[in-house]
Amino acid sequence: MPLTAPDYARHFTPGHTFSYEDGPVGTLSVVDAGELRLPSGSVVACDPFICLGTGDIPPFTARVAPGSYRVEAAVVTITRPEEPPARDPHLRIAAVRLVIADRTAVTWEPALHEGQDPATLDEDEFFGYGVDAGTGCFYDAAADDSFPDCEGDEGPLWDAFEATGHQPGPYLVDGEDGHNLVAFGSGWGDGAYPTWVGRDAQGEITCFVTDFFVVPPSEDLPA
């Protein structure tokens, strides 16, 4: 059976704690990233340092009404109970949520690109985007060409991370023609990560969530 989505309510509950098997404790907080503009309603998620402006990443087939939507990041502070608090907290982005409607998601489905079929996936497989520069993002498909200066270690996207010593963010970055994007560190770093579409009881989209596998599965959490 393909990978299924966990209960993301706990990811976005400030103060929620959990333990890793080797001892560290994670405490979740929710950081508001600001308003993402979606003039076409077509959502793209990718590693912006690798894919932004290439035209290689299609938008998800699940579309929303054009508008501006809140983005929030579930940030984990990782500590070891036997050690004193660190001067610089160990922070990781656990998940990022693009909020379309402030209603509870009761069902989850994978965010798909055209031609992707979940029926083709084997056990625990998923469709996701690859990360090679430790970063993920959300932006509107119409904004793909709006960041011509964001190449490698140059431009406003790099500057946003550089200004904080490459803390995980999230960061709201403006491009040309009124477009913007939200970028963030990708959990533990490089890899492949799924995005899910949450829907309410009427089947309407409430959110898109990218999961970076920082919070253990529910069966691994202490009671």
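Quick question: what am I supposed to make of the pairing of strand 10 (residues 180-185) here?
Of all 6 residues making up strand 10, 6 are buried, and the element is well covered by its neighbours. Residues N180, V182 and F184 of strand 10 are buried on one face, and the alternating residues L181, A183 and G185, pointing to the opposite face, are buried as well. As judged from the 5 bridges shared by strand 8 (residues 135-140) and strand 10, these two strands associate in the antiparallel manner. Counted as the bridge partner of T135 is G185 from strand 10. Where strand 9 (residues 171-174) and strand 10 come together, 4 bridges link them in antiparallel fashion. Residue pairing for strand 10: V173 is matched across the bridge by L181. If you look at the hairpin formed by strand 9 and strand 10, you'll find 5 residues sitting between the two strands, and D177 has a positive phi there, around 60°.

Would you mind going over the side chain of S42 with me for this structure?
Secondary-structure assignment places S42 in the loop between strand 2 (25-38) and strand 3 (43-46). S42 sits in the buried class, given a relative accessible area of 8%. In this structure the side chain of S42 is engaged in a polar contact, spanning 3.0 Å, whose partner is the side chain of R63. If sequence neighbours within four positions are ignored, S42 has contacts with P59, R63, Y139, D140 and A141.

Please clarify how the state of the cysteines should be interpreted in this entry.
What we call a disulfide is simply a covalent bond connecting the sulfur atoms of a pair of cysteines. Per the counting criterion, the structure on display carries 0 disulfides. Cysteine C46 shares no disulfide, and the gap to the nearest cysteine sulfur, in C137, comes to 3.9 Å.

Explain the nonpolar core to me, please; I cannot follow it from the model alone.
Side chains of nonpolar character tend, in soluble globular proteins, to be buried together. With 42 residues, the main nonpolar core has V76, V96, L98, F138, F184, F208 and F212 as its most contacted residues. Among the secondary structure elements, those contributing two or more residues to this core are strand 2, strand 3, strand 4 (67-79), strand 5 (90-99), strand 7 (128-131), strand 10, strand 11 (191-199) and strand 12 (205-211). When sequence neighbours within four positions are dropped, the list of residues in contact with L98 reads L36, L38, V43, Y69, R70, V71, F138, T206, C207 and F208. In this structure, C46, A160, V173 and L181 belong to the second largest nonpolar core, which totals 16 residues.

Is there a simple way to explain the environment of Y171 in this structure?
Relative to the helices and strands, Y171 is located in strand 9. Classification of Y171 as buried rests on a relative accessible area of 11%. When neighbours within four sequence positions are excluded, Y171 is seen to be in contact with A160, F161, T164, L181, V182 and A183. Side chain to side chain, Y171 and T164 meet in a polar contact 2.5 Å long. A distance of 2.8 Å separates a polar atom in the side chain of Y171 from the backbone oxygen of Q167.

What should I look at first to understand the pattern of salt bridges in this one?
Oppositely charged side chains can pair when the atoms bearing their charge come close. Applying the stated criterion to the full structure yields 6 salt bridges. E72 serves as the salt-bridge partner of R97, at 2.4 Å between the closest nitrogen and oxygen. Of this pair, R97 sits in strand 5 while E72 sits in strand 4, and the two are 25 residues apart along the sequence. In this structure, the salt-bridge partner of E109 is R199, at a minimum N-O distance of 2.9 Å. Residue E109 is located in strand 6 (residues 107-110), and its partner R199 is located in strand 11; the two are separated by 90 residues in the primary sequence. Owing to a relative accessible area of 28%, E109 belongs among the partly exposed residues under this scheme.

Basis of the calculations
- Residues numbered from 1 in each chain as written.
- Predicted model: local features only at pLDDT ≥ 70, side-chain atom pairs only at ≥ 80, totals over all residues.
- Heavy atoms only, no water.
- Buried < 20%, exposed > 50% of the residue type's maximum accessible area, 1.4 Å probe, protein only.
- Helix = DSSP H or I, 4+ residues; strand = E, 2+ residues; numbered from the N terminus.
- Pairing = 2+ DSSP bridges.
- Polar contact = N/O pair within 3.5 Å; in protein donor to acceptor, adjacent residues only side chain to side chain.
- Contact = heavy atoms within 4.5 Å.
- Disulfide = S-S within 2.5 Å.
- Core = buried A, V, L, I, M, F, W, Y, C linked by side-chain atoms within 4.5 Å.
- Salt bridge = Lys/Arg side-chain N within 4 Å of Asp/Glu carboxyl O.

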